[in-house]
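# Survey of secondary and tertiary structure
Here is how the chains run, residue by residue.
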Amino acid sequence: MQPDPGADPIIYFDNAATSWPKPAEMIEAMIGGSPGRSGHHRSLDAGRIILETREALAELFGSNDSLRIAFTKNATEALNIALPGILHSGDHVITSGMEHNSVMRPLRFLETQGVQISVVSCSGDGRLNPEDVLAAIRPQTRLLVVTHASNVTGTIQPIAELGQIVRDHGFLFCVDAAQTAGALPIHVDEMAIDLLAFSGHKSLFGPQGTGGLYIREGIEKHLQPLMMGGTGSRSEFEVQPDFMPDKYESGTPNTIGLAGLGAGVRFVLAEGVEAIRSKEEGLTERFLKGLASLKGITVYGPPDAASRTAVVSFNVAGVSPSEASLELDERFGILCRPGLHCAPAAHRTIGTFSRGTIRFGFGYFNNDEEISFALEAIQSLAGGSTEQ
Amino acid sequence: MEQQKYIVFLFPSVSHTLKAEKILKEQGIAHKLIPVPRHIGSDCGVCLRVTADRQDAAESALQGRVNWEEMVFL
Ligand SMILES: Cc1ncc(COP(=O)(O)O)c(C=O)c1O
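About the cut-offs
Residues numbered from 1 in each chain as written. Chains lettered and ligands numbered in written order. Predicted model: local features only at pLDDT ≥ 70, side-chain atom pairs only at ≥ 80, totals over all residues. Heavy atoms only, no water. Axes fitted to C-alpha atoms, helices over the stretch in contact; angles between N-to-C directions. Helix = DSSP H or I, 4+ residues; strand = E, 2+ residues; numbered from the N terminus. Parallel < 35°, antiparallel > 145°, perpendicular 65-115°, else oblique. Left-handed = near helix turned anticlockwise from the far one by under 90°. Contact = heavy atoms within 4.5 Å. Nonpolar A, V, L, I, M, F, W, Y, C, P; charged D, E, K, R; others polar. Buried < 20%, exposed > 50% of the residue type's maximum accessible area, 1.4 Å probe, protein only. Near = heavy atom within 4 Å. Polar contact = N/O pair within 3.5 Å; in protein donor to acceptor, adjacent residues only side chain to side chain. Pairing = 2+ DSSP bridges. Buried area = accessible area lost by both parts, 1.4 Å probe. Salt bridge = Lys/Arg side-chain N within 4 Å of Asp/Glu carboxyl O.

Moving on: the packing of helix α1 (residues 24–31) of chain A against helix α7 (residues 255–271) of chain A. Residue and element names in this part refer to chain A. Where α1 contacts α7, the two axes come as close as 8 Å, and the packing angle between them is 155 degrees. One way to sum up the angle between α1 and α7 is to call them roughly antiparallel. Judged by the twist between their axes, the crossing of α1 over α7 is right-handed. Taken together, the residues of α7 that come into contact with α1 (itself represented by Glu25, Met26, Ala29 and Met30) are Ile256, Gly257, Ala259, Gly260, Ala263, Gly264 and Phe267. Within the contact of α1 with α7, the residues separate by chemical class into 7 nonpolar, 3 polar and 1 charged.

All names here are of chain A. Residue Trp20 is joined to Pro21 through a cis peptide bond whose omega torsion reads -5 degrees. Here the bond from Met244 into Pro245 is cis, since omega is -10 degrees, no more than 30 degrees from zero. Among the structural elements, Pro245 can be located in the loop between β8 (211–215) and α7. At Phe205, a position not held by glycine, the phi torsion is positive, near 60 degrees. In this structure Phe205 comes out as buried when scored by relative accessible area, which is 4%.

Right, let's talk about the site of the ligand for a bit. Residues and elements named next belong to chain A. Lining the immediate environment of the ligand, one finds 13 residues, of which Thr76, Asp176, Gln179, Ser199 and Lys202 sit closest. Here a nitrogen atom of the ligand and a side-chain polar atom of Asp176 are 2.6 Å apart. Note that an oxygen atom of the ligand is positioned 3.3 Å from one of the side-chain N or O atoms of His201. Looking at the shell around the ligand, its residues break down into 2 nonpolar, 9 polar and 2 charged.

Residue and element names in this part refer to chain B. Relative orientation of the contacting elements helix α1 (residues 14–26) and helix α2 (residues 55–62) amounts to 115 degrees, with a least axis distance of 10 Å. Classified by the interaxial angle, the pair formed by α1 and α2 is roughly perpendicular. Helix-helix and strand crossings are classified by hand; for α1 and α2 the assignment is right-handed. Facing α1, whose interface residues are Ala20, Ile23 and Leu24, α2 presents Ala58, Ala61 and Leu62.

A few words on the sheet that holds strand β2 (residues 32–35) of chain B. Within a sheet, neighbouring strands are paired by backbone hydrogen bonds and run either parallel or antiparallel to one another. All names here are of chain B. With antiparallel pairing, the 4 strands of this open sheet are ordered in space as β2-β3-β1-β4. Every interior strand has two partners, whereas the edge strands, β2 and β4 (70–73), have only one. In this sheet, neighbouring strand axes are inclined to one another by 35 degrees on average, regardless of whether the strands run parallel or antiparallel. Contacting β2 and β3 (46–51), α1 crosses the sheet at an angle of about 30 degrees to β3. Here α2 sits on the sheet and contacts β1 (6–10), β3 and β4; the angle it forms with β1, its principal contact strand, is near 20 degrees.

All names here are of chain A. In terms of burial, strand β13 (residues 357–361) is a largely internal element, 5 of the 5 residues being buried. Side chains of β13 alternate between two faces, with Thr357, Arg359 and Gly361 and Ile358 and Phe360 buried alike. Inspection of the sheet shows strand β10 (residues 311–316) paired to β13 by 4 bridges, in the antiparallel sense. From the neighbouring strand, Val312 faces β13, where its bridge partner is Phe360. Two elements, strand β12 (residues 337–339) and β13, share 3 bridges in a ladder whose sense is antiparallel. Across the sheet, residue Pro338 finds its bridge partner in β13, namely Ile358.

With that out of the way, let us pick up the interface of chain B and chain A. Facing the 17 residues of chain B at the interface are 21 residues of chain A. Both sides of the chain B and chain A interface together cover about 1400 Å² of buried area, and 53% of this is carbon and sulfur. Summed over the shared surface of chain B and chain A, the number is 4 salt bridges. With a closest N to O distance of 3.1 Å, A:Glu52 and B:Lys22 form a salt bridge. Remark: the boundary between chain B and chain A carries 5 residue pairs in polar contact (both at pLDDT 80 or more). Its residues assigned to classes, the side of chain B that touches chain A comprises 7 nonpolar, 3 polar and 7 charged.

What follows is the structure, given as structure tokens:
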């Protein structure tokens with residue numbers, strides 16, 4: 001297949017890093033300010049926009065109280081509230097061998113402060129076995145933190161099963177949903193999730209600089225904020241408010257970004273997470289089948305599209321990931337991502353630690369033709385390579 | 001003409017107040033956001049005012065969905 005010369009020459013397969021394109025509504029929401037008559041009305045209108053974003057997210061995550069969601073600038077900040085806020089010297093935390101550095105770095109820091117860490121190994125395709133989590137539980141276990149799906153292999157973890165284990169044992173469950181919010185169904189009650197960290201700029205179609213943390217009722221009593229300061233409430237007191245969401249939302253909010261995020265989440269709700277998932281799974285399946293018929297290609301992660309998000313990491317024999325991605329970009333206009341993807345633990349698990357992988361992250365706006373074109377491009381890379 | 005009697009709901013924060021406003025809007029209960037009257041003195045800036053005859057309707061609409069700190073007669 002030849003690319004259509006009249007078409008946009010870019011094929012964007014880096015949605016696992018940040019989604020592109022964004023729905024038109026998202027751009028409009030960010031441009032169209034609120035036409036308040038006075039400063040005061042304007043400020044209330046800004047508050048209403050942020051509330052609508054909160055409400056849309058609460059609906060998406062199955063929470064009946066939108067005020068349980070605190071906004072942050074990304075999933076990383078949300079995890080940096082959750083992990084150091086919950087874990088103190090003497091506590092034990094369980095995590096998986098597939099985590100992003102946004103989980104691992106805070107945990108490795110906390111380890112130096114006296115927190116005990118168990119990193120439960122995953123299978124070669126990145127799956128965490130709930131039995132292994134059970135075996136890691138100690139009397140001091142305070143938290144299980146896992147990624148809902150890996151940003152390297154797309155491997156989906158059995159979140160509901162893990163949540164049940166945590167609930168049965170009476171500690172807390174934190175889920176890194178950076179890769180899955182908007183891409184897979186999430187229900188904080190059915191999955192027994194206590195803390196849910198999400199990115200706004202990936203499958204929620206918001207702008208960069210948006211994200212948040214869902215906090216189950218009661219947990220805020222024991223969860224320190226990362227920052228303190230003005231929140232617009234209780235100005236007469238010099239102590240930080242102790243209630244949601246103000247406890248975690250100090251300083252003037254990113255109203256323009258959150259307006260865009262709200263439009264992105266409403267787009268997801270209108271299309272339906274199931275419809276989005278089904279399209280992305282179809283694209284992934286087509287790509288995996290196509291790769292399986294090529295020579296010299298190693299694919300990582302689960303063999304079936306149903307067990308992963310729309311993320312596929314692979315290698316081409318004799319070509320480094322960075323060379324491959326440069327070729328894909330310059331010769332074919334295919335944008336993807338090479339390297340370790342901020343997750344060294346995951347690369348140790350799948351056996352690609354120093355080499356890394358080429359990662360394709362498909363999105364809702366990709367199509368079958370782009371997948372077919374990419375498969376031909378990869379075939380030509382594989383064919384053109386000389387085994388060293 | 002008898003003077004209209006009002007009730008105001010005071011919330012912990014603007015987010016709570018705006019959530020309450022949205023609920024009353026959805027339920028078709030007439031209301032108005034007003035700056036917190038000075039003599040009441042909480043400082044979240046705005047509070048929600050309804051006429052006294054709508055107190056019960058407003059209370060049951062908000063009950064269990066958003067917590068208020070105080071309900072004050074004006
Ligand atoms: C699994 C995972 N966790 C955390 C993050 C960090 O997300 P953010 O960029 O919103 O901080 C990412 C994405 O980069 C991710 O893929």
